[in-house]
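Working through the structure, step by step
Single-letter residue listing:
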Amino acid sequence: MIVDAHHHLWDPGARRHAWLDALPQLRRPFGIREFSQLAAAHSVTASVLVQVLASAAETEEFLALAGHTPLLAGVVGWADLTAPGIGDELARLRQLPGGDHLAGIRHLVQDEPDPDWLGRPDVRRGLRAVGDAGLVYDLLVRPGQLPAAISVVRDLGDVRFVLDHGAKPDIAHGQAEPWSTLIGELAAAPNVSCKLSGLVTEAGPGWTAAQITPYVHRLLDCFGPARLMFGSDWPVCTLAAGYG
């Protein structure tokens with residue numbers, strides 16, 4: 001069995017994707033039919049569909065799609081962590097068609113200007129609600145936001161966290177620190193797993209295996225095989241590589 005733990009779908013014609021304005025090569029529909037064909041060609045038997053927008057409507061659509069698409073084993077959706085009624089919102093999502101496929105919640109923390117956004121009291125209240133609902137929280141952070149992530153995973157030991165894309169190390173410039181040290185501190189928390197995903201994009205077009213290998217080894221040393229999972233990050237990965 002091969003599980004792709006991280007991929008996306010989108011249609012810029014159906015919903016505004018402002019972030020694609022700077023990435024014209026990605027500004028087209030990437031749908032379930034195309035992904036299913038790629039998955040079948042590479043013996044991928046299950047996948048996790050991950051949110052793209054801070055949109056409850058997108059999450060509702062993804063859940064409905066997962067409800068009638070066997071390949072989609074789970075959905076990491078979006079909900080406003082800072083909302084006082086976050087617990088009720090998570091319960092509502094689970095009652096929707098396909099709601100039993102909701103596996104986790106994610107917010108685009110990497111785009112937050114406050115490096116300590118994860119430390120805000122209202123955000124932490126929301127993270128506790130995610131944990132209380134039995135869901136995981138996907139950490140989408142850059143190296144400069146790892147200190148806040150380390151603090152929150154230590155303080156919320158009952159919440160399960162999954163680090164996306166290895167916290168996006170600066171592979172293109174061969175920079176290991178402070179990422180490497182901080183990854184070790186984050187991985188010391190037993191409630192954190194990590195997706196081995198997105199690294200080709202961080203390395204950039206023309207990447208080589210030799211560029212990426214030290215970062216992969218560091219993640220493997222820190223998390224061990226039991227807390228690492230493969231994710232393609234398709235179609236973002238097509239900026240640097242094909243699905244294969």
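To be clear, the structure that these remarks concern was listed above.
Here, residues in each chain are numbered from 1, in the same order as that chain's written sequence. The predicted nature of this model means local features are confined to residues of pLDDT at least 70 and side-chain atom pairs, given and counted, to a pLDDT of 80 or more, with totals for whole chains, interfaces and linings taken over all residues. The basis for the side-chain values is all heavy atoms of the structure; hydrogens and waters are excluded.

Each Phe, Tyr or Trp ring (for Trp, its six-membered ring) is paired with any other whose centre lies within 6.5 Å, and the angle between the two planes then decides the class: stacked below 30 degrees, edge-to-face above 60, tilted in between. A complete count under the given rule lists seven aromatic pairs for this structure. Considering the side-chain rings of Phe 30 and Trp 234, the 5.4 Å spacing of their centres and the 85° angle between planes classify their relative orientation as edge-to-face. Residue Phe 30 is located in the loop between β1 (3–7) and α1 (32–41), and its partner Trp 234 is located in the segment after β8 (228–230); the two are separated by 204 residues in the primary sequence. Grouping residues by exposure puts Phe 30 and Trp 234 together as buried. Consider the rings of Phe 35 and Trp 234, whose centres lie 5.6 Å apart with planes at 45°: the pair is tilted. Here Phe 35, found in helix α1, pairs with Trp 234, found in the segment after β8; they are 199 residues apart in sequence, far enough to count as distant. Elements are defined by DSSP. Helices are runs of H or I of four residues or more, strands are runs of E of two residues or more, and each kind is numbered from the N terminus. Partly exposed residues are those whose accessible area sits between 20% and 50% of the maximum for their type, while under 20% is buried and over 50% is exposed, using a 1.4 Å probe and protein chains only.

Before going further, it helps to spend a moment on the sheet that holds strand β5 (residues 136–139). A sheet is described by the order of its strands in space; here eight strands give the open sequence β1-β2-β3-β4-β5-β6-β7-β8, paired in parallel fashion. Where the open sheet ends on each side, the last strands, each with one partner, are β1 and β8. For this sheet the average axis-to-axis angle between neighbouring strands, irrespective of direction, equals 25°. Strands are labelled as partners when DSSP assigns at least two bridges between them. When strand β3 (residues 72–77) meets strand β4 (residues 102–107), the two strands line up parallel, connected through three bridges. The residue bridging Val 76 from the neighbouring strand is Gly 104, located in β4. Note on definitions: a residue-residue contact is assigned when non-hydrogen atoms from the two residues lie within 4.5 Å. To obtain each axis, a line is fitted to C-alpha atoms, and for helices this fit is confined to the stretch in contact; angles are then taken between N-to-C directions over 0 to 180 degrees. Where helix α2 (residues 56–67) meets the sheet, its contacts fall on β2 (46–50), β3 and β4, and the angle it forms with β3 comes to roughly 170°.

In this scheme, a helix's expected span is set at 1.5 Å multiplied by one less than its residue total. With 15 residues, helix α8 (residues 209–223) ought to run about 21 Å at 1.5 Å a step, and its terminal C-alpha atoms sit 20 Å apart, in line with that. Taken as a whole, α8 has its buried residues at Ile 212, Tyr 215, Leu 219, Cys 222 and Phe 223. Where the residues of α8 are buried, they touch β6 (160–163), α6 (179–187), β7 (192–196), α7 (199–203) and β8. Gly 224 sits one or two positions beyond α8 and adopts a positive phi of about 75°.

A separate point is the pairing of β4. Within β4, five of the six residues are buried, which leaves it mostly tucked inside the rest of the structure. With four bridges connecting them, β4 and β5 associate as parallel partners. Within β5, the position partnered with His 107 by the bridge is Leu 139. Crossover handedness is defined here as right-handed if the route from the first strand over the helix to the second strand goes clockwise, with the strands pointing away from the viewer. Handedness of the crossover is the feature at issue here: the chain leaves β4, passes through helix α4 (residues 121–132), returns alongside β5, and the resulting connection is right-handed.

This paragraph deals with the environment of Glu 112. As for its position among the elements, Glu 112 is in the loop between β4 and α4. Relative accessible area serves as the criterion here: at 23%, Glu 112 is assigned to the partly exposed category. Sequence separation between Glu 112 and Gln 145 is 33 residues; the distance between their C-alpha atoms is 9.6 Å. Apart from the residues within four sequence positions on either side, Glu 112 is in contact with His 107, Trp 117 and Gln 145.

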